[in-house]
Amino acid sequence: FEMAGRALAGLVLGLVLCLCRGEMLTGQYGYHNDAGRFFQPATSSTFKLVKLGNVNVTFLDKTNLLGYDGQDFAQLGKYRVETRMGMVTSCNSANFNDVDGILGFGWANQNRSAAILKTLTQHGRPHWNIEQPEDFIDMPRKFAFTATEDLGELQLGGYDPTSVAEPMQLFPMAGFAYGVNITSIKFGDTELLNFAPGHDAYVGEFDSGTTCVLLPNSTVNKSFSKSPFQTLYDRQLLGEAFPLVFTIGGRTYDIAFKECVEPASNALILGDPWFRKWIVMHDLTDVNNKKMGLALRSPTYQLGVETDTQPELRTFAEFSPLSKLRANRKVRPMSLTMTGEHGTGGVDKVALQSQSRVTYNVRLSVGTPPQPMQVIFDTGSFMLAVFAKPPPAG
């Protein structure tokens, strides 16, 4: 494993992504939209202004987002839904010059939850006074994600049976986000999770945006008798080289020695190496019994072949729930300061300061007629926001 040169400074919770309009900003650190794409609310016949000035967020790294709340149709693959979203018009960071917005696919079930996953999977949002059109078909509340070194693939409404080399194994979802209980991690004969009395499992959270596997570099309030990362580091100093073998639900999953591992203060993150080997399923069909799924990806499966090349022209005459989208992959060689909170059941990314981040951009169309945009797909937040021009007068 490639070890990080230094321990991480610590964990905070949340997400910093700059999704901003640049003409108001100048200087070395100002934002500019490389593609010049902004959502044009004045040209959408279905746009509704919700509230001016309602987007005003400042993060720990001083990134500031300003904008307003709007409502319009958004289309992802074959699924088209009316929803609310943030319209970001100003920002002070150039970190995300090459994207048009963010599509958070985390889950939050509150009545006014901003989660697009909630909106896509039910016929209305009564607390927003939204009732979907008569031809609306709700997306089954499950999706899968997988990736290679070059690209990723988002499978909406389930997973493609041709993409797996073995039966999908389902496990109870654990933790605040898309996590599972891990009962063991072995490096050769050495156990890394040496649980203290009263502890027998630790939550590992799936996050495709984390480049490496992250292991706790502490005892996590005495959950362990010794640091899992330090235990691994000590064995590697002896010249040992083994895969990491994780036990989940009594089944074992191995991560190759060549994959990178980094330390974290408390988090155990199942990052990009997991998505590059397995089809990772997120099944929220029963919100009281949510599950994660894992199946080895078939070596002959070809990623990135979309099922809906012109989704805006779709017909439901021969409707299949599964919709596959290509996700363009990019490794960003920088640390992202992440901030936010888990408050009142909110689900947000377990935030990290890592050596790099992986992002996957997918196509999202907004408005009527549809305006195509490339947005970051993020399972760790439920934020839906796009770069936008100001709302039309009146």
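Residues numbered from 1 in each chain as written. Predicted model: local features only at pLDDT ≥ 70, side-chain atom pairs only at ≥ 80, totals over all residues. Heavy atoms only, no water.

Caption draft 1: Region of interest: the pairing of strand β22 (residues 371–378). Along β22, six of the eight residues are buried, which leaves the element largely enclosed by surrounding structure. Strand direction decides the pairing type here: strand β4 (residues 101–104) and β22, joined by three bridges, are parallel. Residue pairing for β22: I102 is matched across the bridge by I376. Hairpin connection between strand β21 (residues 357–366) and β22: a loop of four residues separates the two successive antiparallel strands, and G367 in this loop has a positive phi of roughly 95°. (Buried < 20%, exposed > 50% of the residue type's maximum accessible area, 1.4 Å probe, protein only. Helix = DSSP H or I, 4+ residues; strand = E, 2+ residues; numbered from the N terminus. Pairing = 2+ DSSP bridges.)

Caption draft 2: Structural context of the state of the cysteines. For the coordinates displayed, the defined rule picks out one disulfide. One disulfide bridge connects C212 with C260, the sulfur atoms lying 1.9 Å from each other. Across the S-S bond linking C212 and C260, the dihedral sits near -105°, which makes this disulfide left-handed. With C212 in the loop between β12 (202–206) and β13 (213–216) and C260 in the loop between β15 (251–255) and β16 (261–264), this residue pair connects regions lying 48 residues apart in the sequence. Accessibility expressed as a relative area gives 12% for C260, which makes it buried. (Disulfide = S-S within 2.5 Å.)

Caption draft 3: Summary view of unusual backbone geometry. With an omega dihedral of -5°, the bond running from T368 to P369 counts as a cis peptide bond. Inspection of the secondary structure assignment puts P369 in the loop between β21 and β22. With phi around 60°, N129 is a residue other than glycine that occupies positive phi space. Structurally, the position occupied by N129 is in the loop between β5 (124–125) and β6 (130–131).

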